[in-house]
Amino acid sequence: PTVILWFRKDLRLDDNQALHAAIGSGGDIVPVYIREPQALNVGPLGGAQDWWLHHSLSALKTSLRSVSSDLVLLSGQAVDVLARLAKETGADTVFINRAYERDVVDREIVAQLKAQGIRLIAFHGKLLHEPGRIRTGSGGSFKVFTPFWNAIQKLGEPHEPVDAPANVPAPEHLPRSEDLESWALLPSKPDWASDFSKLWTPGEQGAKDKLEAFIGRDLQDYKRGRDLPAVDATSTLSAHLAHGEISPARVWHATRNLPRSSAEEVSHFRRELAWRDFCYSLLEELPRLDEVNWDRKFDAMQWHYDPAEFNAWTRGQTGYPIVDAGMRQLWRYGFMHNRVRMITASFLIKDLMIDWRKGEKWFRDTLVDADPANNAGNWQWVAGSGADASPFFRVFNPVLQGEKFDAEGDYVREHVPELARLDSKYIHRPFDAPPQVLAKAGIELGKTYPKPIIDHGFARDRALAAYRALRGGG
Ligand code: FAD
């Protein structure tokens, strides 16, 4: 018999339970990726991820060819494409790995395929544990991270990963594939992704290399360094995880045999991985996590949208160096350090009083790791509207945050070159620097680098008043 293996956001051969089961079925396998009008996401894929997807599919095609198979690329509505493919190949079973972004749609697909005599069998592998396994004493889902994390630790280790197969049985003739180039996923003019490849190698091999480098350092300095944007202390695996090029179980188990001295770092890192599971459990509960305030009290929030301010934020021209450095890192590399994500998001929401959904969308379009659960979950966390949210009275001061986490200003100097020669004392507050200090550094405020677009003290009071009003109203 022939079976279909439908790749989605699980673009890997390693620890791929659906692939493993398809091989176990004894059938010839037709591996397919379907480009759908609505990708497996909360909206169309962003530009940065289109870039990633192009390279990732190309890598997956190459790996499938190296195990005597190939990847068939097709576009259209998944149900139609699968039904056509089943007819053409004589397949009656489709193997997939479970996804939680469109749980409802998946259920519909199952029903529609079933009506046409096609079975769809789904497997686990996207998360450390299936969300359904992590339940409170009363059987509900967790709304707060710490008890969720405690429950994960009680569950024991995630499944033992299965290795990539040496051979993937293919029918004599695989169906015709569309040409990847014809999907035009890469930017043309201007090529805003020209620096992406300096940091990223999409695909399984790229993921393995990043994991090995990270483990090779024994996760050294992870706990402290993960808060310092100028230090490369984190795994940078997020985009690989978002596309399923590596399984979280594989990542978890890779930290198993590290020296005792790394125990604390390992535990901290695994905890971060579990945040990803937590965000997915929230998404399962609230599929429109990107649109709907988890805390409906926030529906009454009086946002204040000024397009010029939003624009300044997206371009890294707010006049607050740490915010600008982050937004420019994001544009240039499709990535931003976690600490700075929190600072830039807080600035948009609390200093500019712009609806968090605008920021979520911008990140979704520009991050290579944009993930429906992690992005929306974290934006809601910063906004205070989330399930487990940061306290409403927390308004990050961008100057103090900069001075605390980028004390020498190395991160700012890298991403905001016009400030590179500024004395460290003023690197996070150029607007306080005496004229001769600015002149010496070749800076003309308002010309070579913007003055702050808003006074933080004013903004802070305004935000607190709005948040208080909301609390009082609820
Ligand atoms: P590491 O520190 O090495 O962590 C390992 C893995 O754990 C990450 O790859 C990621 O999968 C997971 N992880 C770490 N922190 C978090 C977290 N806070 N929430 C959920 N998972 C986490 N992460 C995304 O993957 N996609 C997003 O779209 C995304 N949007 C964000 C938006 C905002 C406003 C904020 C504050 C955070 C967002 N994050 C997002 C979480 C976090 O910033 C990134 O996962 C992290 O910076 C990726 O770097 P890393 O792989 O080196 O992380």
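In what follows, the structure referred to is the one given above.
Since we're looking at a predicted model, the values are computed, not measured. (Residues numbered from 1 in each chain as written. Predicted model: local features only at pLDDT ≥ 70, side-chain atom pairs only at ≥ 80, totals over all residues.)

Report on unusual backbone geometry, specifying residues and quantitative values.
The phi angle of most residues is negative, glycine excepted, and most peptide bonds adopt the trans form. One non-glycine residue with positive phi stands out, namely Ala184, at about 45°. Here Ala184 lies in the loop between helix H5 (145–155) and helix H6 (196–199). Here Ala184 falls in the exposed class, since 10 other C-beta atoms lie within 10 Å of it. Residue Asp221 is not a glycine yet carries a positive backbone phi of 65°. Relative to the helices and strands, Asp221 resides in the loop between helix H7 (204–216) and helix H8 (222–225). (Helix = DSSP H or I, 4+ residues; strand = E, 2+ residues; numbered from the N terminus. Buried ≥ 20, exposed ≤ 12 C-beta atoms within 10 Å, placed from the backbone.)

Account for the nonpolar core, with residues named and values stated.
If you look at the biggest cluster of nonpolar residues, it comprises 116 residues, and the most contacted ones within it are Ile4, Leu5, Trp6, Val32, Leu82 and Phe95. Among the elements that take part in this core, helix H11 (residues 263–285) stands out by supplying 9 residues, more than any other. Beyond its immediate stretch of four places on either side in the chain, Leu82 contacts Ile4, Trp6, Val94, Leu113 and Ile118. (Core = buried A, V, L, I, M, F, W, Y, C linked by C-beta atoms within 7 Å. Contact = placed C-beta atoms within 7 Å.)

I'd like a rundown of the packing of H11 against helix H16 (residues 372–383), residues and numbers included.
The geometry of H11 relative to H16 is characterised by a closest axis approach of 8 Å and an angle of 85° between their N-to-C directions. Between H11 and H16, the crossing angle belongs to the class labelled roughly perpendicular. On H16, the residues that touch Arg276, Cys279, Tyr280, Leu282 and Leu283 of H11 are Pro372, Ala373, Asn374 and Gly377. (Axes fitted to C-alpha atoms, helices over the stretch in contact; angles between N-to-C directions. Parallel < 35°, antiparallel > 145°, perpendicular 65-115°, else oblique.)

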